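Below, each chain spelled out in residue letters.
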Amino acid sequence: MGFLKSFFGGKDESPEEKKEREDARNFDVLKTDGVHSLRMGRGEHAVMCFTKALEIKDDLETRDYLSQAFIRCDKLPEARKQLEILAEAEPDNVRILLVMARVDYMMEDYAAMAMVCEKATLIDNENAEVMFLYARAMKGQHDLVNAVAMYTKAIMLNEHFADAYLERGRLLLEMGDVEGAEEDANLLVEAAPDAEEVLLFKAEVLVAQKRQSEAIAVYDKAIEGNPFCVAALKGRGALRLAIGDKEGAESDMRQLLEVDPAALDHINGQFEG
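Each residue is numbered by its place in its chain's sequence as written, counting from 1. This being a predicted model, a pLDDT of at least 70 is required before a residue's local features are given, and a value of 80 or more before pairs of side-chain atoms are given or counted; all residues contribute to the totals for chains, interfaces and linings. As a convention, hydrogens and water are excluded, and side-chain values are obtained from all of the structure's heavy atoms.

*Asks:* Explanation requested: the side chain of arginine 168 in the structure shown.
*Replies:* Put simply, DSSP H or I for four residues or longer makes a helix, DSSP E for two residues or longer makes a strand, and each gets a number counted from the N terminus. Considering the arrangement of structural elements, one finds arginine 168 in helix α10 (residues 162–174). In terms of polar contacts, arginine 168 uses its side chain to reach the side chain of aspartate 184, at 2.6 Å. In this description, contact between two residues means that some pair of their heavy atoms is separated by no more than 4.5 Å. Ignoring any residue separated from it by four or fewer positions in sequence, one finds arginine 168 in contact with Val148, Tyr151, Thr152, Ile155 and Asp184. In protein, a polar contact requires one atom able to donate a hydrogen and another able to accept it; more generally it is a pair of N or O atoms within 3.5 Å, and residues adjacent in sequence count only if both atoms are side-chain atoms.

Pasting the structure below:
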């Protein structure tokens, strides 16, 4: 081999070059294995692979994957540290800030979430997702009026933003604005008449308006779509009891007990929530 290298003008590989080549190969193997593990739902193994890969070479894409793996493993503070490094490296990348805000939301750190959303608005103030998350942060800090305003901005930027309508409507109902909540409920029912969350919200609005029979009919539809819907069974049972339908209320209680025995923990012997 030495003769051939000499004949063709080649040269022996130095120890430094050999290590560099091996490091590059090991990095690629670890990163590829980590991505495969992440896609297969093996979060812990993915974390190990990406961590070892980063010990060989700092790579932003690998850090991004590592943050996803940490989130998959419910290691949210660790995920946020990786996202902070990414945000520092790419300060104008709104996607990174959105992921960071979602991690803050899962950790219920609404002050940090609001700061991240504020940064995101300075980069892109026409991003409906940014406004939606900002609204969640404000709601988490009990700034309800501004939360409604931010939900409204998100809807103005994306008129088909169902989650924004749903969360704004529920917040309006919580604040006592039943009329405003009804408007959002009606829009959602028109757009997604069979969606379970929409039906439950519509029933809540009808209950607030003391329209029990109509609310029961909506709960009926929700249970028809999902016989295991605990919230609908609880709601319908309570309404049936309120209007004197004890047989119907007991039927719902028995069905609820079959579906989720723990759901009755906060209900007394007279089936009152």
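Now that the structure is up, let's keep going.
*Asks:* Honestly, the pattern of salt bridges in this entry has me stumped. Any pointers?
*Replies:* Two side chains that carry opposite charge are able to pair once their charged atoms sit near each other. The term salt bridge refers to a pairing of a side-chain nitrogen on Lys or Arg with a carboxyl oxygen on Asp or Glu at a separation within 4 Å. What the rule picks out here adds up to 19 salt bridges. Shared partners join several salt bridges into a network, and the residues in it are Asp220, Arg236, Arg240, Asp245 and Asp252.

*Asks:* Sorry if this is basic, but what is going on with the packing of aromatic side chains here?
*Replies:* We describe a pair of aromatic rings using the distance from one ring centre to the other and the angle between the two ring planes. Only the six-membered ring of Trp is used, alongside the rings of Phe and Tyr, when aromatic pairs are assigned; centres must lie within 6.5 Å, and planes under 30 degrees apart are stacked while those over 60 apart are edge-to-face, with the rest tilted. Counted by the stated rule, this structure contains four aromatic pairs. With 6.3 Å between their ring centres and 65 degrees between their planes, tyrosine 105 and tyrosine 110 make a pair best called edge-to-face. Ring pairs connect the aromatic residues Phe132, Tyr151 and Phe161, which therefore count as one cluster. A ring has a charge above it when a Lys NZ or an Arg CZ is no more than 6 Å from the ring centre and no more than 35 degrees off the ring normal. When the ring centre of phenylalanine 27 is taken as origin, the NZ or CZ atom of lysine 57, which lies over that ring, is 4.3 Å away.

*Asks:* How do you make sense of the environment of methionine 106 when you look at a structure like this?
*Replies:* Along the polypeptide, methionine 106 turns up in helix α6 (residues 94–106). For the pair methionine 106 and leucine 172, spaced 66 residues apart in sequence, the C-alpha separation works out to 23 Å. Apart from the residues lying within four places of it in its own chain, the contact partners of methionine 106 are Ile71 and Leu76.

*Asks:* How should I be thinking about unusual backbone geometry in this particular structure?
*Replies:* Glycine aside, negative phi is the norm for most residues, and most peptide bonds take the trans geometry. At histidine 142, a residue that is not glycine, the phi angle is positive and equals roughly 65 degrees. Considering the arrangement of structural elements, one finds histidine 142 in the loop between α8 (128–140) and α9 (144–157). A relative accessible area of 69% places histidine 142 in the exposed class. For lysine 210, which is not a glycine, the phi torsion comes out positive at approximately 60 degrees. Topologically, lysine 210 is positioned in the loop between α12 (196–208) and α13 (212–225). The rule is simple: take the accessible area with a 1.4 Å probe, protein chains only, and divide by the maximum for that residue type; under 20% is buried, over 50% is exposed, in between is partly exposed. Note on lysine 210: relative accessible area 66%, which makes it exposed.

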